[in-house]
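Architecture at a glance
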Amino acid sequence: MLTASSRIWAVWTRALLLQLLVAGPGHCLSRQELFPFGPGQGDQELEAGDDRVSPALELSGRLRFYDKSDIYAVYVTTNGIIAMSEPPAKESHPGLFPPTFGAIAPFLADLDTTDGLGKVYYREEFSPSVTQLAAVYVQRGFLEVSFQPISVVVVTWESVAPFQGPRRDSAQENKRNTFQAVLASSDSSSYAIFLYPEDGLQFYTTYSKKDEKQVPAMVAFSQGLVGFIWKSDGAYNIFANDRESIENLVKSSNSGQQGVWVFEIGSPATASGVVNADMNHGLDDGAEYEEEDEDYALVTRLGLEDVATTTFPYKTLGRRDTDTYHVPSVLYSRRTATESTPEFPTVKTRSFQLPVERFPQKHPQVIDVDEVQETEVVFSYNTDSRQTCANNRHQCSVHAECRDYTTGFCCSCVAGYTGNGRQCVAEGSPQRVNGKVKGRIFVGHSQAPVVFENTDLHSYVVMNHGRSYTAISTIPDTLGYSLLPLAPVGGIIGWMFAVEQDEFKNGFSITGGEFTRQTEVTFVGHPGKLVVKQQFSGIDEHGHLTIDTELEGHVPQIVFGSSVHIEPYTELYHYSPSVITSSSTREYTVTEPERDGAAPSHIHTYKWRQTITFQQCPHDEARPALPSTQQLSVDSVFVLYNHDEKILRYALSNSIGPVRDGSPDALQNPCYVSTHGCDTNAVCRPGPMMQFSCECSIGFRGDGRTCHDVDECSEQPLVCGSHAICNNHPGTFRCECVEGFRFSDKGACVAIADQRPINYCSSGLHDCDIPQRAQCIYTGGSSYSCSCLPGFSGDGRACQDVDECQPSRCHPDAFCYNTPGSFTCQCKSGYQGDGFHCIPGEVEKTRCQHEREHILGAAGAVDPQQPKLPGLFVPECDEHGYYAPTQCHGSTGHCWCVDRDGREIEGSRTRPGVQPPCLSTVTPPTHHGPSVPTAVIPLPPGTHLLFAQTGKIECLPLEGNTMKETEAKALLHAPDKVIIGLAFDCVDKMVYWTDISGPSIGRASLHGGEPTTIVRQDLGSPEGIAVDHLGRNIFWTDSHLDRIEVAKLDGSQRRVLFETDLMNPRGIITDSVRGNLYWTDWNRDNPKIETAYMDGTNRRVLVKDDLGLPNGLTFDAFSSHLCWVDAGTKRVECMSPGQPSRRKILERLQYPFAVTSYGKNLYYTDWKTNSVIAVDLAISKETDEFHPYKQTRLYGITTALSQCPQGHNYCSVNNGGCTHLCLATPGSRTCRCPDNTLGVDCIEQK
């Protein structure tokens, strides 16, 4: 028999259920509509405080999560998490995501209930009224699912406060959040329902103890660590992690009611990712609500007693695609309650917000064709004062000649080059175009524009085919598909380099890539228009054309996932002095995603009008006039929007010629229709009828079918003159003055008469205190000022340490330790905490300590510190209680490497008496105190050694080959990383590193500034790293995934080179000039040093005999010698890769890890001595040793050269003519596509 309270609750629930079913899309969730909670409902209450974790909530029914179906207990935390296992103590407060444990996070943030006002309630519920309420919410989100839960977990965070940190934020005072998570499970599946009532979220950021700043909350799911031997991050889904998206949780929904979000979290469909509720069932889908009116009417006719047992008929819309790597983008926070909810990001994809900076609205003018003919609009040069070639030679290209005329001068490209004389490029040579795009576009009938700024545009043109490939990134999903018809936005580049038929001229021949284009696009049947404004600014210092594009106006909406097809078309260009116009009407076909077995397609029409204005030299009256009309023929049009990468791609083939009717391509010369087969670096010369010839471009030799680069530096040793260095590049060469000289106006290298202001800070000539205590601030001219660093006092020229422990800033039950420029706090014995907050109790023991004590206790060991247990393995723990990375058996003498959980790493076990070079992936605990700046401290000019020491990179200047030990200093502090490998890019003065704790790959400029992470996904244990400074690529080894990868310097365009026959790859180095790659593999069963070309071909074992534990290696570009250090044989050895003989440089080393070379010396890091050791190669002797101030293990080392070595490879200029990755080989190069490229605009070729 029901009690009075339970009867009231049952009536209330049924009323709420009925209200939910008839609620319209504009209905906000009230607090009264949350699932009932509190002590009166049988809830347990979480202990008040900060970073609290509940005891296990034992479940009667099982919970399914991702691919697991056996979860019978969950843990609830203060910080908005429901955990699938007990969170480790070190992860009790929010930190890096994903965590090591399975987690459901409706509002992951650092929350606080210390004041007792906020509460966290939780329970498991079986009552029919609650389970049916959960079923209705699930069925509203997943219309085709027939779901009836048998158990429900209800967790409520009521009026919880944000953790404030040491500096309280007045804006967050009295702010409280209330939200709820409900986990509903049947025998076959589990769902999560997140409820955010109106006014339930009053703050969106909290203070991070890790980052020591305000960070946004997060809505996410994580599978936690997976694997038996190797542990790695499992799948995870982040649905909101920025302030605007979090704000939007209350106002939007994925299930039809604002503030309600439903997810499928456990079923066969969620093995690789959580499934989001059906997005087609959004808030603004009025038609669907109308179709369901009959269903709602059926519900309203039922009696209340029938609600809990009736199955409601819903229209079946079809399940969302569960391929977690193809679910589109982010939860947009600017979406209003009446807009349809966009789709969510997915596994291993971070959500982000595009910038919303706005630019002023402009009204560009477009000249009609007829208007030009009537007005004869022209531009004129100022001829009041006659200009001549004598004082204007610099106005012409270096590949042009200047001629004087009666009224002025004109430039014209020399034979073999094309352009307008001011800008010239070699005929037939591939070209690159770079630029920026910004826009303010209204999509469909939306009243809010999509605004974007500073978006990159990159284009690659195969000139002798007239084919252009253009990519624009990053374009948001809300706009990307609707821009697909705008191929002519990139088509203007095709017009510039269209194949020229007969005597007709393409855009670059006429304008030299210096012009302004204004276009109006009108979509027939759609209000408004789109205005496109493009400014081409000629060739930059890198040999690339530059373009700025602005889009403003309206475009029709194209459904997400649609494709667009554009048939080949022709367009007439009308020419008058300095003005080119065209107008056309064309069609495009939109094919929408398949629905009910059919893919609807629609044909649309749009009109284009464009005006191109440029400056034409008016002085050469004898120059042949352009034809008044030319026809641009465009075919092989391909358009694509990649919603995962948010990249818009256009590809078109173009030719320019006379006006023709029909499509007479079959009768045209092969040069005009790109069927000639000439080399990429050749020009096709048409002959009579169908005859043609191939002619290598300037700077290349061959028969035209195959062209090879001409090495001008070898053939003309004095081409650059005295005091200059000649660097050959594909198709050209460059001269560089040696140090102390500069180019004169006549192009010769002359001595520098240095009368420039001196920057005393960068030159190191200032009188400020040392960099560890003060900083030098350059104020312009030859002036500077000195300032003491935080933690020091003085005038900047003499700084004294401030004793922060007088008085102590630590907790009364903690010790304060003063350090130079800082201090640390440590709780006293019998207390635990971070030193700023200490509470009674001992620090929780680690897994290693527990295991060690268990084994010793079971064996009855008398002294736990010095166990004498023959035949028994006892694990070693480091000073912080973690498993020591190297474990050895006390009886057998065998040693092996272990991961952070103490599991043995395959292939690492050594013979007795030999210790393997194991790496610890656990970052040492940080002592709380003032944060150390993460920005790079700029280095003075010169050559430096850079070496890694766990959480930092240090710099050791070189004077000649001597280490200037007194000037050693920290370059970069990264206390949350374990930095292993280092590499240096001598072009951009950038240091690159691998971090095995993240894991991640990062970089930073030696000129100063904040470091950046360039690779963070799909990494196991990245260790060695190398830079090809000529090809602009990085290579790295991964000993966990057993593979070697390559990518561009920014981490993009990743490609796996090798993933077979690798066990423990570590060191890696490049020979950039010759295009070779070398690496070590210290596999205990088969240690070896291998080599291959940079494109992955010609792989072979270079050294396999008499190796122990080959660690680091280095290649000296000046002597062409490969050297390596071996921690097993205790030797340094060198060889010439082209010869089989090896030279033993030094023996009886301690424990070498990494090595680099400079001049006559090698420099290696040693684990036993914790030092950097110099070895003179000429006399095979150690000549110097540097011990850093902090005596901890040293890892990677590299040389930061002041100047790059001489030489080039085939990727040095114009990316070797490749669209994507250019990978050098001896005497050539290979163009490769990244692993994730769809192949539309990527060309692979050798």
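Residues numbered from 1 in each chain as written. Predicted model: local features only at pLDDT ≥ 70, side-chain atom pairs only at ≥ 80, totals over all residues. Heavy atoms only, no water.

Looking at helix α3 (residues 243–251), one finds that the buried residues are Ser-245, Ile-246, Asn-248, Leu-249 and Val-250. Structurally, α3 contributes buried residues whose contacts are with β5 (103–108), β13 (218–222), β16 (236–240) and β17 (260–266). A distance of 3.2 Å separates the backbone nitrogen of Glu-244 from a side-chain oxygen at the start of α3, and that oxygen is part of Asp-242. (Buried < 20%, exposed > 50% of the residue type's maximum accessible area, 1.4 Å probe, protein only. Helix = DSSP H or I, 4+ residues; strand = E, 2+ residues; numbered from the N terminus. Contact = heavy atoms within 4.5 Å. Polar contact = N/O pair within 3.5 Å; in protein donor to acceptor, adjacent residues only side chain to side chain.)

Among the nonpolar cores identified, the biggest contains 59 residues, and Ile-441, Leu-479, Leu-486, Trp-495, Ile-566 and Tyr-650 are the most heavily contacted of them. Per-element tally for this core: the top contributor is helix α9 (residues 487–496), with six residues. With residues up to four places along the chain from it excluded, the contact list for Tyr-650 reads Ser-468, Tyr-469, Thr-470, Ile-472, Leu-483, Leu-484, Leu-486, Ala-487, Gly-490, Phe-638 and Val-639. The next biggest cluster of nonpolar side chains, apart from the first, holds 45 residues, and it includes Met-963, Ile-979, Trp-993 and Ala-1200. (Core = buried A, V, L, I, M, F, W, Y, C linked by side-chain atoms within 4.5 Å.)

One can find Cys-671 in helix α11 (residues 670–673). Residues contacting Cys-671, with those up to four places away along its chain left out, are Val-499, His-676, Cys-684, Arg-685, Pro-686 and Phe-692.

A few words now on the state of the cysteines. Within this structure, the stated rule accounts for 23 disulfides. Put simply, Cys-713 and Cys-726 are joined by a disulfide, and their sulfur atoms are 1.9 Å apart. Taking the sign of the S-S torsion, -75° for the link of Cys-713 and Cys-726, the bridge is left-handed. Of this pair, Cys-713 sits in helix α12 (residues 712–715) while Cys-726 is found in strand β40 (residues 724–729), placing the two residues 13 residues apart along the sequence. (Disulfide = S-S within 2.5 Å.)

Turning our attention to the pattern of salt bridges. Evaluated as defined, the whole model comprises 42 salt bridges. Linking Glu-401 and Arg-403 is a salt bridge whose minimum nitrogen-to-oxygen distance equals 3.1 Å. Here Arg-403 falls in the partly exposed class, since its relative accessible area comes to 46%. Salt-bridge contacts for Arg-1142 lead to Glu-1133; the nearest nitrogen and oxygen are separated by 3.0 Å. A residue is classified by how much of its surface remains accessible, and Arg-1142, at 29% relative accessible area, is partly exposed. Given a relative accessible area of 1%, Glu-1133 falls into the buried group. Each of Asp-1106, Arg-1131, Glu-1133, Arg-1142 and Glu-1147 takes part in one network of salt bridges that share partners. (Salt bridge = Lys/Arg side-chain N within 4 Å of Asp/Glu carboxyl O.)

Let us look at the sheet that holds strand β60 (residues 1000–1005). Read across the sheet, four strands follow the order β58-β59-β60-β61 without closing on themselves; strand pairing throughout is antiparallel. The outermost strands of the open sheet, each flanked by one partner alone, are β58 (979–985) and β61 (1012–1015). On average, each strand axis in the sheet is inclined to that of its neighbour by 30°, with strand direction left out of account. Bridging between β58 and strand β59 (residues 990–995) involves five bridges; their strand directions are antiparallel. Its bridge partner being in β59, Leu-982 is matched across the sheet by Trp-993. (Pairing = 2+ DSSP bridges. Axes fitted to C-alpha atoms, helices over the stretch in contact; angles between N-to-C directions.)

Here we take up the sheet that holds strand β4 (residues 82–83). With antiparallel pairing, six strands are arranged side by side in an open sheet as β2-β3-β4-β5-β13-β16. For this open sheet the edge positions go to β2 (57–65) and β16, each flanked by a neighbour on one side alone. Pairing of β2 with strand β3 (residues 68–76), which is carried by four bridges, proceeds in the antiparallel orientation. Within β3, the residue paired with Leu-57 across the bridge is Val-74. Along the sheet face, α3 touches β5, β13 and β16 and points at about 90° away from the line of β13.

Further remarks concern the confidence of the model for the chain. Across the chain, pLDDT averages 80, with 84% of residues at or above 70. Counting interchain partners and residues more than four positions distant, the pLDDT-below-50 stretch residues 1–25 has 43 contacts. A low-confidence stretch, residues 927–931 stays under pLDDT 50, and its non-local contacts, those more than four residues away or across chains, total 12 contacts. (pLDDT = per-residue confidence, 0-100.)

On to the environment of Arg-1143, then. Turning to its location among the elements, Arg-1143 is positioned in strand β73 (residues 1142–1146). A relative accessible area of 39% places Arg-1143 in the partly exposed class. Along the backbone, Arg-1143 and Cys-1123 are 20 residues apart, and their C-alpha atoms lie at a distance of 9.2 Å. Among all residues touching Arg-1143, those that are not within four sequence positions of it are Val-1132, Glu-1133, Cys-1134, Leu-1177, Ala-1178 and Ser-1180. Side-chain polar atoms of Arg-1143 contact the side chain of Ser-1180, separated by 3.3 Å.

Assignment of secondary structure puts Asn-1209 in the loop between β78 (1197–1200) and β79 (1221–1225). Setting aside anything within four residues of it in sequence, one finds Asn-1209 in contact with Pro-730, Asp-1028, Leu-1030, Gly-1031, Ser-1072, Val-1073 and Ala-1224.

Most of strand β76 (residues 1171–1176) sits out of view: six of its six residues are buried. Residue alternation in β76 divides its side chains into two sets, Ser-1171, Ile-1173 and Val-1175 and Val-1172, Ala-1174 and Asp-1176, and both sets are buried. Of the pairings in the sheet, the one linking strand β75 (residues 1161–1166) to β76 comprises six bridges and is antiparallel in character. Opposite Tyr-1163, over in β76, you have Ala-1174 as the bridge partner. Between β75 and β76, which follow one another and run antiparallel, lie four residues, and Asn-1170 among them has a positive phi close to 50°. Two strands pair when backbone bridges link them, and β76 and strand β77 (residues 1181–1186) are joined in this way by five bridges, in the antiparallel orientation. Its bridge partner being in β77, Val-1172 is matched across the sheet by Phe-1186. The turn linking β76 back onto β77 is made up of four residues, and Ser-1180 within it adopts a positive phi angle of 55°.

Attention shifts here to the packing of aromatic side chains. To describe a pair of aromatic rings, one takes the distance between the centres and the angle between the planes. For the coordinates displayed, the defined rule picks out 34 aromatic pairs. For the pair Phe-221 and Phe-263, a centre-to-centre distance of 5.2 Å together with 65° between the ring planes defines the contact as edge-to-face. Within this pair, whereas Phe-221 is found in strand β13, its partner Phe-263 is found in strand β17, the two being separated by 42 residues in sequence. Since its relative accessible area comes to 0%, Phe-221 is described here as buried. Between the aromatic rings of Tyr-606 and Trp-608, the centroid separation amounts to 5.6 Å while the plane-to-plane angle is 75°, which identifies the pairing as edge-to-face. Across this residue pair, the class does not change: Tyr-606 and Trp-608 are buried. Across the ring face of Phe-815, the terminal group of Lys-828 is positioned such that the distance to the ring centre comes to 5.5 Å. Seen from the ring of Trp-1167, Arg-1193 lies directly overhead, with NZ or CZ sitting 3.8 Å from the centre. (Phe/Tyr/Trp six-rings, centres within 6.5 Å; stacked < 30°, edge-to-face > 60°. Lys NZ or Arg CZ within 6 Å of the ring centre and 35° of its normal.)

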